[in-house]
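Residue strings, one per chain:
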Amino acid sequence: MQHVLRAGAIAAVLVMAVPAGVLAGEALPGASLQTLLELAQASNPEYTSMRFEAQAAAERVKPAGALMDPKFRIEWMDITKMGEQNPTLWPSDVGSTKYTLMQDIPWFGKRDLKRDIAHFDAEGSQGKALGAWLELAARVKTLQAQRYYLRGNKELTQEILDLMARLEQVAQSRYAGGLAAQQDVIRAQVEQTNMRNELVMIESESLQVDARLNALLARPAMAALAAPESLRPLPAQALLDAAKLEERVRNRNPQLFVEEARIQAAQKSRDLTYKNRYPDFTLSISPTQTQTNVKEWGLMLEVNIPLQQSSRRAMEREAEAMLSAARARKEAAANQVLAELAQNLAAIEAARRTELLASSSLLPQADLTFSSAMASYENGKLDFATLLDAQRQIRQAKQSRIKAQFEGQMRLAEIEKLLGEDL
């Protein structure tokens, strides 16, 4: 699991900036989802900060296992030569000069454990960076789908507005011929006013969505965006098998990867805590200079005594508790992630079925109902209120279809975020 996720994390973390020519080729981003994702990956400051943090964590691995810097000491003995001269620090003019070179050496295996802890911390940072990218990508996908939904809703509202204008003309003609009441004309005009109000609200919401998307792309809030061209097709039903997706989530989900790295780091921290039962060393070598000759050499071994056993046992219990906590956190995260996966799978299936029903059943039925109502109204066999109800059924069917499309795209983005990859 770690090797698979590590490769994905490194690929996402070490992303290269998109060449300027690629972005310059499209004056207004927004038509293509892939272009938006590339722009977000290259310019989003939050994701950029996470990548640099992951890089910084990777650079801590080598120093974590390095030896401490050696120490050098120089001692001047009898700097006045029994009072026969003024004080001096020149080595050949003092009684003797002792040079000491010291190196601290930890107990065997401690350096490797410290390096391993830093390594797993770095993997956790890479997992966080990958998680940040997946969260960013999901937000971009959702906002792009919402832009498409609002565009479709705007076109539908304009279509209904044009239809109401034609119905007003029909009502005007029948009113002029004494075949309908003036109230029919007024109702048609009221409906048109409502449609114009809805267009205003849709336009306002579209500007807000564009501003949120621009913020993710590190662009000015009111910068123009191209209209979205199309939605991604939903995956085939075979690709949404719950058991297979659950296994993929367990292997690739960045949050679970981070929690696993924390478990590994906690295990190494526990092992290091037990290693602290054993002493560390200090080795030193000390040549002593008398006048201009070095004739005396000293060798020293210093050992710290791990005497405070009660405090060490407390630290060991702390390390065991931290390891247990890390395991519990991963279990809780796995439960949460798998629950979210199940919810999104159920929702995307519902959206797929709703869209199918709206396209294959509701909309054709609503069209037939409206055509029949229109003919009946023109023949004086139906009142205008029933005609308006038939028109509203068409609108509701079309709105249900585009809303289901948006819901499916939103759920698909969430599933891909949980998987750590696109379907």
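Reading the values: the criteria
Residues numbered from 1 in each chain as written. Predicted model: local features only at pLDDT ≥ 70, side-chain atom pairs only at ≥ 80, totals over all residues. Heavy atoms only, no water. Helix = DSSP H or I, 4+ residues; strand = E, 2+ residues; numbered from the N terminus. Contact = heavy atoms within 4.5 Å. Buried < 20%, exposed > 50% of the residue type's maximum accessible area, 1.4 Å probe, protein only. Expected span 1.5 Å × (residues − 1). Pairing = 2+ DSSP bridges. Axes fitted to C-alpha atoms, helices over the stretch in contact; angles between N-to-C directions. Salt bridge = Lys/Arg side-chain N within 4 Å of Asp/Glu carboxyl O. pLDDT = per-residue confidence, 0-100. Phe/Tyr/Trp six-rings, centres within 6.5 Å; stacked < 30°, edge-to-face > 60°. Polar contact = N/O pair within 3.5 Å; in protein donor to acceptor, adjacent residues only side chain to side chain. Lys, Arg positive; Asp, Glu negative; His and termini not counted. Patch = residues over 30% accessible without salt bridge, like charges linked within 9 Å, V, L, I, M, F, W, Y side chains within 5 Å. Areas by Shrake-Rupley, 256 points an atom, 1.4 Å probe, with all protein chains shown as cover.

Draft legend 1. Fine view of the environment of Gly-95. Relative to the helices and strands, Gly-95 resides in the loop between strand S1 (71-77) and strand S2 (96-105). For Gly-95 and Leu-136, which are 41 residues apart along the polypeptide, the C-alpha to C-alpha distance reads 72 Å. When near neighbours in sequence (up to four residues on either side) are disregarded, Gly-95 contacts Met-77, Asp-78, Lys-81, Thr-290 and Gln-291.

Draft legend 2. Up close: the environment of Arg-353. Within the secondary structure, Arg-353 sits in helix H10 (residues 309-378). A relative accessible area of 56% places Arg-353 in the exposed class. Along the sequence, Arg-353 and Arg-401 sit 48 residues apart, while their C-alpha atoms lie 10.0 Å from each other.

Draft legend 3. Looking closely at helix H6 (residues 110-176). If you check H6, its first and last C-alpha atoms are 98 Å apart, about what 67 residues at 1.5 Å a residue would give, namely 99 Å. Phi turns positive, to about 75°, at Gly-178, one or two residues after H6.

Draft legend 4. View of the sheet that holds S2. In spatial order, the strands read S1-S2-S3-S4; together these 4 strands make up an open sheet with antiparallel pairing. In the strand order of this sheet, the two ends are held by S1 and strand S4 (293-303), each with one partner. If you compare each strand with its neighbour and ignore which way they point, the axes differ by 20° on average. Bridge count for strand S3 (residues 281-290) against S4 is 10 bridges, and the pairing is antiparallel. Bridged to Thr-290 within S4 is Asn-293.

Draft legend 5. Spatial organisation of the pattern of salt bridges. Scanning all chains against the criterion turns up 28 salt bridges. For Arg-313, the salt bridge identified is with Glu-316, shortest N-O distance 3.5 Å. Taken as a pair, Arg-313 and Glu-316 lie in helix H10 at a separation of 3 residues, close to a single helical turn. Given a relative accessible area of 4%, Glu-316 falls into the buried group.

Draft legend 6. Up close: unusual backbone geometry. With phi around 55°, Asp-78 is a residue other than glycine that occupies positive phi space. Within the secondary structure layout, Asp-78 lies in the loop between S1 and S2. For Gln-291, which is not a glycine, the phi torsion comes out positive at approximately 55°. Structurally, the position occupied by Gln-291 is in the loop between S3 and S4.

Draft legend 7. The arrangement of the confidence of the model for the protein chain in detail. Mean pLDDT over the protein chain works out to 87, with 93% of the residues at or above the 70 mark. Counting contacts from residues 1-7, a segment whose pLDDT is below 50, to residues more than four positions away or on other chains yields 17 contacts. Counting interchain partners and residues more than four positions distant, the pLDDT-below-50 stretch residues 9-25 has 20 contacts.

Draft legend 8. Quick peek at the packing of aromatic side chains. Scanning all chains against the criterion turns up 6 aromatic pairs. When the centroid spacing of 5.5 Å and the interplanar angle of 25° are considered together, the rings of Tyr-149 and Phe-406 count as stacked. Taken together, the positions of Tyr-149 in helix H6 and Phe-406 in helix H11 (residues 384-419) put the pair 257 residues apart, joining distant regions of the chain. Note on Phe-406: relative accessible area 16%, which makes it buried. Chaining the aromatic ring pairs together yields one cluster made of Trp-107, Phe-108, Tyr-278 and Phe-281.

Draft legend 9. Up close: helix H9 (residues 254-275). Spanning 22 residues, H9 covers 31 Å between terminal C-alpha atoms, matching the ideal 32 Å at 1.5 Å per step. The opening residue of H9 is Asn-253, an N-cap whose side-chain oxygen sits 3.0 Å from the backbone nitrogen of Gln-255.

Draft legend 10. Quick look at the side chain of Arg-312. Looking at the secondary structure, you find Arg-312 in helix H10. Look at Arg-312: it is buried, it has no salt bridge, and the nearest opposite charge is Glu-316 at 6.8 Å. Ignoring sequence-local partners within four residues, the contact set of Arg-312 consists of Asn-276, Arg-277, Pro-306 and Leu-307.

Draft legend 11. A nonpolar patch on the surface, seen in detail. A cluster of nonpolar side chains, namely Phe-72, Leu-101, Ile-285, Val-294, Trp-297 and Leu-299, defines an oily patch on the protein surface of about 680 Å² accessible area. Per-element tally for the nonpolar patch: the top contributor is S4, with 3 residues. Taking relative accessible area as the criterion, Leu-101 reaches 43% and is therefore assigned partly exposed.

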